[in-house]
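# An overview of the molecular structure
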Amino acid sequence: MAEQRKKLRLGELLVQQGLISTDQFAIALAEQRNNNIPIGRLLVRLGFVTENALRDVMARTVGQESIDLSQVVADPEEHKMVPQEFARRNRLLPIAYNPVEHVLTIATTEIFNVVAMDQLRAMLGPRAEIKIQLAAEAQLENFIDQFYGYELSVDGILKEIETGEIDYDSLQSGGDQYTQPMVRLVNALLVDAVKRGASDIHFEPEYAFLRIRYRIDGVLETVRSLHKTYMPGITVRVKVVSDMNIAETRSPQDGRLSLTLNGRPVDFRVSTQPTIYGENIVLRVLDREKSIISLDRMNLSPSTMAKLNLILARPEGILIVTGPTGSGKTTTLYSLLSQVNDETVNIMTLEDPVEYPLTLMRQTSVNEMARMDFANGIRSILRQDPDIILVGEVRDKETAEMAFRAAMTGHQVFTTLHTNSALGAFPRLLDIGILPDIMAGNIIGIIAQRLVRLLCPQCKQEYAPPPEERALLGPGAQTVSYLYRPAGCKHCDNKGYKGRAAIMELLVMDSDMDELVARRATVKELRAAAITKGFRTLAEEGLQRVIEGATSLAEVSRTVDLTGRIG
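Keep in mind that this is a model prediction, so the values were computed, not measured. (Residues numbered from 1 in each chain as written. Predicted model: local features only at pLDDT ≥ 70, side-chain atom pairs only at ≥ 80, totals over all residues. Heavy atoms only, no water.)

### With respect to the overall build of the protein
A count of helices and strands for the protein gives 24 helices and 19 strands. The proportion of buried residues among the 567 residues of the protein is 47%. Intrachain contacts of the protein at a sequence separation of at least 6 include 61% that bridge at least 24 residues. (Helix = DSSP H or I, 4+ residues; strand = E, 2+ residues; numbered from the N terminus. Buried < 20%, exposed > 50% of the residue type's maximum accessible area, 1.4 Å probe, protein only. Contact = heavy atoms within 4.5 Å.)

### So, the packing of helix H11 (residues 181-195) against helix H12 (residues 231-241)
Any two packed helices are characterised by the angle at which their axes cross and by the distance between the axes. Relative to each other, H11 and H12 sit at 75 degrees, their axes nearing to 10 Å. Classed by the angle they form, the pair H11 and H12 counts as roughly perpendicular. Mapping the contact onto sequence places Met 182, Val 183, Leu 185 and Val 186 in H11 and Gly 233, Ile 234, Arg 237 and Val 238 in H12. Taken together, the residues of the contact of H11 with H12 sort by class into 6 nonpolar, 1 polar and 1 charged. (Axes fitted to C-alpha atoms, helices over the stretch in contact; angles between N-to-C directions. Parallel < 35°, antiparallel > 145°, perpendicular 65-115°, else oblique. Nonpolar A, V, L, I, M, F, W, Y, C, P; charged D, E, K, R; others polar.)

### What about the sheet that holds strand S3 (residues 103-108)?
One open sheet holds the 4 strands; their spatial order is S1-S4-S3-S2, and the pairing between them is mixed. Sheet topology places strand S1 (65-66) and strand S2 (92-98) at the edges, where each strand pairs with a single neighbour. As paired elements, S2 and S3 share 6 bridges and run antiparallel to each other. Note that in S3 the partner of Asn 98 across the bridge is Val 103. Its contacts with the sheet put helix H7 (residues 114-124) on S2, S3 and strand S4 (129-134), and the angle it makes with S4 is roughly 140 degrees. (Pairing = 2+ DSSP bridges.)

### Looking at the side chain of Ser 327
Mapped onto the fold, Ser 327 is located in the loop between strand S11 (317-322) and helix H15 (329-340). At 2.7 Å, the side chain of Ser 327 forms a polar contact with the backbone oxygen of Pro 324. Contacts of Ser 327, omitting those with residues within four sequence positions, involve Gln 449, Arg 450 and Leu 451. (Polar contact = N/O pair within 3.5 Å; in protein donor to acceptor, adjacent residues only side chain to side chain.)

### Topic: a nonpolar patch on the surface
There is a patch of nonpolar side chains on the surface, built from Tyr 207, Ile 276 and Tyr 277 and spanning about 410 Å² of accessible area. You can see Ile 276 is positioned in the loop between strand S9 (264-275) and strand S10 (278-286). (Patch = residues over 30% accessible without salt bridge, like charges linked within 9 Å, V, L, I, M, F, W, Y side chains within 5 Å. Areas by Shrake-Rupley, 256 points an atom, 1.4 Å probe, with all protein chains shown as cover. Salt bridge = Lys/Arg side-chain N within 4 Å of Asp/Glu carboxyl O.)

### Here we look at the sheet that holds strand S14 (residues 388-391)
A sheet is described by the order of its strands in space; here 7 strands give the open sequence S13-S12-S14-S15-S11-S16-S19, paired in mixed fashion. The open sheet has two edge strands with one neighbour each: strand S13 (361-365) and strand S19 (497-508). Taken pair by pair, the neighbouring strands of this sheet meet at an average axis angle of 20 degrees, ignoring direction. By the bridge criterion, 4 bridges tie strand S12 (residues 347-351) to S14 in an arrangement that is parallel.

### Digging into the packing of helix H16 (residues 374-381) against helix H17 (residues 397-408)
Relative to each other, H16 and H17 sit at 20 degrees, their axes nearing to 8 Å. As judged from the angle between their axes, H16 and H17 are roughly parallel. For the crossing formed where H16 meets H17, the hand is left-handed. Side by side, H16 and H17 meet where Phe 374, Ala 375, Ile 378 and Arg 379 of the first sit next to Glu 398, Thr 399, Met 402, Ala 403 and Ala 406 of the second. Taken together, the residues of the contact of H16 with H17 break down into 6 nonpolar, 1 polar and 2 charged. (Left-handed = near helix turned anticlockwise from the far one by under 90°.)

### Thoughts on the packing of aromatic side chains
Under the definition given, this model contains 2 aromatic pairs. Relative to Tyr 277, the ring of Tyr 207 lies with its centre 6.1 Å away and its plane at 65 degrees, an arrangement referred to as edge-to-face. Of this pair, Tyr 207 sits in the loop between strand S5 (198-205) and strand S6 (209-216) while Tyr 277 sits in the loop between S9 and S10; the two residues are 70 residues apart in sequence, bridging distant segments of the chain. Judged by relative accessible area, Tyr 277 falls into the partly exposed class, the value being 36%. (Phe/Tyr/Trp six-rings, centres within 6.5 Å; stacked < 30°, edge-to-face > 60°.)

As structure tokens, this is what we get:
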């Protein structure tokens with residue numbers, strides 16, 4: 001009963017502060033009757049409130065400070081003070097220790113766990129004080145894993161499959177109930193990939209073994225190699241949980257599965273492809289929490305942010321995002337949409353398929369079975385009173401014509417196109433069959449982007465660039481005495497890189513550019529006119545990141561063509 005009152009108070013408090021409506025609170029309570037999930041977590045899952053807002057309200061209510069763990073730097077000495085098993089069981093994380101005053105600051109979600117606090121004081125000694133800060137639930141679980149490291153019992157499960165001896169460690173990590181080892185093996189690999197920040201998981205059959213690779217920060221790396229006897233079990237398990245036909249092995253199949261990790265759902269888009277040694281399986285990790293980020297967290301330069309805001313302020317027209325597969329086009333589109341997504345606008349999307357379900361947006365998957373293609377979808381959406389339309393990709397003349405028709409009838413249209421540069425969008429649209437007169441005045445901006453890996457701040461090495469590198473960097477590098485290159489340490493798994501950032505070339509259209517497009521000006525003329533208005537190419541943006549020390553010259557040359565700057 002006391003627990004029910006506590007839940008009710010939190011919900012009512014959020015209503016009083018205007019963070020949720022009474023209708024949203026009623027929906028969450030109705031949903032809670034069906035599954036016994038805390039009201040706070042339910043409100044976050046339903047998209048009614050953010051995890052950070054909930055954390056801050058709870059902290060203010062109980063008179064505690066809140067903390068954003070993404071701003072905390074791990075210190076191994078602090079973690080030695082609190083055993084990992086105790087931290088996991090009681091959901092707390094040591095984040096700072098003041099040896100002069102003997103004060104240990106901990107982040108937790110269980111601020112009323114008196115027993116745990118007493119045990120912690122007994123562990124630290126009579127002089128120690130404990131300062132409590134409230135953390136977001138999903139964030140805390142992630143950071144306990146990140147700061148302490150995590151041991152997945154994949155080896156134990158493999159041994160169990162070979163010998164028949166039950167691996168009790170893997171049972172404890174996955175729950176009390178005994179499940180078949182092959183089920184736990186696939187689960188353990190998926191969880192491991194998500195925790196290591198992988199965007200794709202590859203199960204690749206060879207003649208005598210199965211190679212398992214993760215794509216982390218855009219680069220594939222082998223994590224395991226298993227004997228071919230494991231292949232049938234892993235393939236069947238993945239196909240079963242993805243709702244695929246296990247009897248069909250000679251045709252490609254697509255599926256989807258969901259996994260709840262640290263209290264939040266993570267989706268996987270699954271694809272199988274027959275090869276000479278068996279079915280190749282690739283899972284795309286669709287982790288909404290990591291993939292949809294606000295523009296202010298994308299580390300864009302102030303001038304780029306100003307141009308983006310200028311484009312978003314235009315009431316109608318087409319914004320095109322270009323780049324190869326895996327360059328973050330979808331993430332950028334969603335980040336732009338989240339800037340304008342509120343109850344005053346109707347945002348409708350057409351995607352192939354919908355990757356990240358979001359509240360307030362009406363999202364539709366393009367489906368060959370239902371005879372719904374992009375062009376038909378836009379035609380239908382225009383009758384749904386939209387303000388903003390997202391078209392997943394412009395692939396053909398009919399889709400492009402419908403997208404431009406939507407822009408001409410007073411809508412903002414966001415879409416993607418496969419070209420190598422922002423200026424390359426014009427010849428590509430001409431090739432599809434769009435007339436220059438239609439392009440002029442309807443395209444409001446074009447973004448071309450790439451993702452570059454960032455140097456690990458713990459181990460990056462400075463060096464004096466040789467003359468040829470200085471020449472590549474251009475006149476801005478003459479005053480730079482040193483650049484940075486990757487080294488490798490335990491913080492970045494000895495890769496030298498940790499995380500990625502987008503580099504963008506952003507073309508803002510105006511009347512002068514429209515006039516050039518209308519009279520079919522060459523790309524060279526368009527580039528010259530754009531540069532006079534402050535346009536910076538991908539190469540210049542990337543090299544600026546090198547000069548700033550954020551990434552290396554080798555990494556930028558891996559993703560952007562720098563050969564035009566030689567000579």
